[in-house]
Amino acid sequence: MFAFKALVIAVPLAALSACVVAPPRHVVYTEPGGVVAEADIAPPAPYVETIPVVPFAGAVWIGGYWGWQGGRHVWIGGRWEHPRAGYVWEPHHWVSAGGHWRLMGGGWRRG
């Protein structure tokens, strides 16, 4: 009887031990304007930010975006910056690529 009870307990436990829950994949790069992160999870819907009062004349609002840290999406809040003559801001953005998502880095581009 003891052997039967042990078997009844051991079989489901053995089956569970084969289950592996892998964290979402992510790869971080440092290339300016290139891929910043890669994830298997689509980013959430954009967060609606309240834009604070302009801190100085000519300030450019750089909107926030969903970043990737610690195996999950995190909101990176927007900020004010000084404009750069001859440049335009290209925001960070996610693109779908073969079943996963890539966060493309934003930055100032010649315009």
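Note: the structure precedes this text.
Just so you know, these numbers come straight off a predicted model, no measurement behind them.

**Considerations on the pairing of strand β5 (residues 72–76)**
In this structure, strand β4 (residues 65–69) lies alongside β5, joined through five bridges in antiparallel fashion. Pairing of Gly-67 across the sheet is with Val-74, part of β5. The turn linking β4 back onto β5 is made up of two residues, and Gly-70 within it adopts a positive phi angle of 60°.

**Structural notes on the packing of aromatic side chains**
A full pass over the atoms with the stated rule returns four aromatic pairs. Centre to centre, the rings of Tyr-47 and Trp-75 are 5.3 Å apart; their planes meet at 50°, and the pair counts as tilted. Of the two residues, Tyr-47 is situated in the loop between β2 (35–39) and β3 (60–62) and Trp-75 in strand β5; the sequence distance between them amounts to 28 residues. Centre to centre, the rings of Trp-66 and Trp-75 are 5.2 Å apart; their planes meet at 75°, and the pair counts as edge-to-face. On the accessibility criterion, Trp-66 (17% relative accessible area) is buried. Taking relative accessible area as the criterion, Trp-75 reaches 24% and is therefore assigned partly exposed. Each member of the aromatic cluster is reached from another via a ring pair, and the members are Tyr-47, Trp-66 and Trp-75.

Reading the values: rules and limits
Residues numbered from 1 in each chain as written. Predicted model: local features only at pLDDT ≥ 70, side-chain atom pairs only at ≥ 80, totals over all residues. Heavy atoms only, no water. Pairing = 2+ DSSP bridges. Helix = DSSP H or I, 4+ residues; strand = E, 2+ residues; numbered from the N terminus. Phe/Tyr/Trp six-rings, centres within 6.5 Å; stacked < 30°, edge-to-face > 60°. Buried < 20%, exposed > 50% of the residue type's maximum accessible area, 1.4 Å probe, protein only.

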